[in-house]
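Okay, here's what each chain looks like letter by letter:
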Amino acid sequence: MARPLDVERLERAVKSVYRDVAEAPNEEYHFEMGRPLAERLGYPAGVLDRVPARATESFAGVGYHFDLPDLREGDDVLDLGSGSGTDAFVAALRVGDSGSVTGLDMTDRQIANARKLRDEAGLDNVSFERGYIEDAPFEDGAFDVVLSNGVINLSPDKERVFGEANRVLAPGGRLAVSDIISEKLMPESIKNSEDLWAACIGGAEQIDRYTALIEAAGFEVAEVRDNAQYEFVSESAANACQKYGVKSISLGARK
Ligand SMILES: C[S@@+](CC[C@H](N)C(=O)[O-])C[C@H]1O[C@@H](n2cnc3c(N)ncnc32)[C@H](O)[C@@H]1O
């Protein structure tokens, strides 16, 4: 019988990968990283020029979704799984001094790096909190927009993540995520491998289930699109892509 997913081992595996990403962005990983990836996904070069270079170096997102939530001056934004902080810094440029951006991440080293870059850049409207996206340490209705890029596939409890995203949004709040999903259901042998989860494959939810979870949490999904520019680099990942239609999407929704 297939061994069930060990959630604690999974958390250790994911933290270990993203600690390495924060410490050594130029090593080889299962996934592509950095500014060339961000530009290919659609981040305008002129915007990236205004973001700390050490943040974009460790960028590990899977799509560009800043057109989906219609970010406005004064918005309060939460980025789930903020990593090196690229998306938080991009959002800060849009919301201005009258708005705020909060990044939430469970990996100490990611939070420490992002805070350092925030301090160096003197961005007073950006903050980074250590914590879990399944148990977001914020009040109900605290944000206008929730973002997340390449993260929710890593969570073993996506129902809770979308529930938390809905809870912390004010009525009418907007959700914009880029994430890895699969077209077909994947076998337990893949879904129960902590290593394949940490490589952003094992936890990829089948797309109809993924959108059903978002709707069940209280959102209306407005748009789902493929990010054909995103490619996996490792062989195991490329095989899963072919066999199960594992791919990147961006999705916009409203509470
Ligand atoms: C693929 S990286 C993406 C980082 C960032 N969004 C970006 O675009 O560069 C995934 C990030 O999510 C964080 N993460 C994964 N699972 C998490 C969870 N359950 N709670 C909080 N953070 C999590 C990891 O620590 C890592 O920094």
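Anything mentioned here points back to the structure above.
Summarised in this report is the structure supplied together with it. (Residues numbered from 1 in each chain as written. Predicted model: local features only at pLDDT ≥ 70, side-chain atom pairs only at ≥ 80, totals over all residues.)

## A short note on the overall build of the chain
- Helix and strand content of the chain: 11 helices and eight strands.
- Against the 2.2 N^0.38 benchmark of 18 Å for 255 residues, the chain shows a C-alpha radius of gyration of 17 Å, consistent with a compact globule.
- With respect to the principal axes defined by its C-alpha atoms, the chain has extents near 55 × 40 × 30 Å.
- Residue burial in the chain is summarised as follows: out of 255 residues, 49% are buried.
- Pairs at least 24 apart in sequence give 75% of the contacts found in the chain among residues at least 6 apart. (Helix = DSSP H or I, 4+ residues; strand = E, 2+ residues; numbered from the N terminus. Rg over C-alpha atoms; globule rule 2.2 N^0.38 Å. Buried ≥ 20, exposed ≤ 12 C-beta atoms within 10 Å, placed from the backbone. Contact = placed C-beta atoms within 7 Å.)

## Digging into the site of the ligand
- Near the ligand you find 23 residues, and of these Gly61, Gly81, Gly83, Met106 and Thr107 are the closest.
- For the shell around the ligand, the residue count by class is nine nonpolar, 11 polar and three charged. (Near = placed C-beta within 6 Å. Nonpolar A, V, L, I, M, F, W, Y, C, P; charged D, E, K, R; others polar.)

## Concerning the nonpolar core
- Of all hydrophobic cores here, the largest spans 77 residues; its most connected members are Val14, Val77, Ala91, Val146, Ala165 and Ile201.
- Per element, the largest residue contribution to this core is seven residues, and it comes from helix H1 (residues 7-23).
- In contact with Ile201, not counting residues within four places along its chain, are Ile190, Leu196, Ala237, Ala240 and Val246. (Core = buried A, V, L, I, M, F, W, Y, C linked by C-beta atoms within 7 Å.)

## Details of helix H6 (residues 108-121)
- For H6, with 14 residues, the first-to-last C-alpha span of 20 Å sits near the 20 Å given by 1.5 Å per residue.
- Every buried residue belonging to H6 is among Gln110, Ile111, Asn113, Ala114, Leu117 and Arg118, and all of these are buried. Seen end-on, H6 carries its buried residues on one side only, within an arc spanning 165°. Turned more than 90 degrees off the buried face of H6, the exposed positions are Asp119 and Glu120.
- Buried residues in H6 make contact with H1, helix H4 (53-57), strand S2 (100-105) and strand S3 (126-130). (Expected span 1.5 Å × (residues − 1). Arc of directions from axis to C-beta.)

## Digging into unusual backbone geometry
- One non-glycine residue with positive phi stands out, namely Asp70, at about 50°.
- Summarising the element assignment, Asp70 is placed in the loop between H4 and strand S1 (76-80).

## A short note on the pairing of S1
- Of all five residues making up S1, five are buried, and the element is well covered by its neighbours.
- Side-chain alternation along S1 places Asp76, Leu78 and Leu80 on one buried face and Val77 and Asp79 on a second face that is also buried.
- Pairing between S1 and S2: five bridges, direction parallel. Bridging across to S2, Asp79 finds its partner in Gly103.
- In this view, the connection linking S1 to its parallel neighbour S2 by way of helix H5 (residues 86-95) has right-handed handedness.
- Pairing between S1 and strand S4 (residues 143-149): four bridges, direction parallel. Note that in S4 the partner of Asp79 across the bridge is Leu147. (Pairing = 2+ DSSP bridges. Right-handed = clockwise from strand over helix to strand, strands pointing away.)

## Description of helix H7 (residues 158-168)
- The complete set of buried residues in H7 reads Lys158, Val161, Phe162, Glu164, Ala165 and Val168. The buried side chains of H7 occupy one side of the element, clustering within an arc of 155° when seen end-on.

## What to know about the environment of Pro52
- Relative to the assigned elements, Pro52 resides in the loop between helix H3 (45-48) and H4.
- By the C-beta count within 10 Å, which is 19 here, Pro52 ends up partly exposed.
- With 34 residues separating them along the chain, Pro52 and Thr86 place their C-alpha atoms 7.9 Å apart.

## Some points on the pairing of S4
- With seven of seven residues buried, S4 is to be regarded as a mostly interior element.
- Judged from the six bridges that link them, S4 and strand S5 (residues 169-182) form a sheet pairing that is parallel. Each residue of the ladder has a partner; that of Leu147, found in S5, is Ala176.
- Remark: the S4/H7/S5 crossover connection has right-handed handedness.

## Overview of the packing of H1 against H6
- It is the contact of H1 with H6, at a shortest axis distance of 8 Å, that shows an interaxial angle of 30°. By the angle between their axes, H1 is roughly parallel relative to H6. Counting all contacts with H1, which are made through Tyr18, Arg19, Ala22 and Glu23, the residues of H6 involved are Arg109, Gln110 and Asn113.
- Split by residue class, the contact of H1 with H6 holds two nonpolar, two polar and three charged. (Axes fitted to C-alpha atoms, helices over the stretch in contact; angles between N-to-C directions. Parallel < 35°, antiparallel > 145°, perpendicular 65-115°, else oblique.)

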